[in-house]
Amino acid sequence: MDTTPLIGEPLALDLVNTRPLGADLLASTEQLADWLARQSERHPELALDRPTSADLAAVHEVRDHISAVLDALLHGIRPPADALRALTAAQSAAPAVRRLDWDGAAVVATLQRDGAPAARLSAVLAEAAVDLFTDPALTKLKRCEADDCVLLFLPAHPKRRWCSPDRCGNRVRVARYYRKHKE
C-alpha cells in the first residue's frame, strides 16, 4: 500500500483521506508536518514549521468530526449534531479577521487569526469542512470502488470510479486482466 497521502481533492476530503483502511497517515508530528507542507502549496494558511502533539491532536479531532459528517451524508442520514457543533466551535476558537493596512499605494487586506497554532489549524480545517458541506457538488461525493479502499472523492467526470487512477484504478485493472487471462 502506498503511504503517501493523496492531495488534490477539497482540503476537508484530503484530510479525511489521510486515514485509509487500517492506517493513519497522520500518526506522528513528522507525518503531519509533511502533509501540511504538501497542502501549503494550495493552502498557504496551513504553513506550520514544527507541528506539536497538540497540533496533531487538534487535527485528529477535526478529522474525526468531518469523517462523521461525511459518513452520515453518504448514507443519506442527518449528520451528528455534536460533530457539527464541534466544527463550529473549532472555527470560533480562532476566527479569521481581515486586517486593513496601507502598502504605500493602496489599502490591502491580510487575513489573520489569533490563538494558539492548534486552534488556528483547527479553524482552517473546520472552515474547509464548512465549504465542502455547503458545496452543491457534495451530492456527487463517492467512495472509491476498489475493494480495499475507503477514500472519498468528488469526481470531475461522472464515470470516475476510483480515488486515484494511478493507485486503485491501476490495481483493479491489473487484477481484472490477470483474472481474465488466468482462465
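For clarity, every value in this text was computed on a predicted model and none was experimentally measured.

(A) Spotlight on the side chain of serine 67. Here serine 67 shows up in helix α3 (residues 53-74). For serine 67, a relative accessible area of 16% translates into the label buried. There is a polar contact of 3.2 Å between the side chain of serine 67 and the side chain of arginine 19. Not counting chain neighbours up to four residues away, the residues in contact with serine 67 comprise Val16 and Arg19.

(B) Representation of helix α2 (residues 29-39) within the structure. Buried residues of α2: Leu32, Trp35, Leu36 and Gln39, and no others. End-on, the buried residues of α2 take up no more than an arc of 100°, which puts them together on one face.

(C) Highlighting the pattern of salt bridges. Counted by the stated rule, this structure contains 9 salt bridges. With its nearest N and O atoms 3.2 Å apart, the salt bridge here joins arginine 160 to glutamate 9. Of this pair, arginine 160 sits in the loop between β4 (152-153) and α6 (165-182) while glutamate 9 sits in the segment before α1 (11-16), placing them 151 residues apart in sequence. Looking at glutamate 9, the relative accessible area reads 13%, which means it is buried. Here aspartate 24 makes a salt bridge to arginine 63, at a shortest N to O gap of 2.9 Å. Remark: arginine 63 occurs in helix α3 and aspartate 24 occurs in the loop between α1 and α2; sequence separation between them is 39 residues.

How each quantity is defined
- Residues numbered from 1 in each chain as written.
- Predicted model: local features only at pLDDT ≥ 70, side-chain atom pairs only at ≥ 80, totals over all residues.
- Heavy atoms only, no water.
- Helix = DSSP H or I, 4+ residues; strand = E, 2+ residues; numbered from the N terminus.
- Buried < 20%, exposed > 50% of the residue type's maximum accessible area, 1.4 Å probe, protein only.
- Polar contact = N/O pair within 3.5 Å; in protein donor to acceptor, adjacent residues only side chain to side chain.
- Contact = heavy atoms within 4.5 Å.
- Arc of directions from axis to C-beta.
- Salt bridge = Lys/Arg side-chain N within 4 Å of Asp/Glu carboxyl O.

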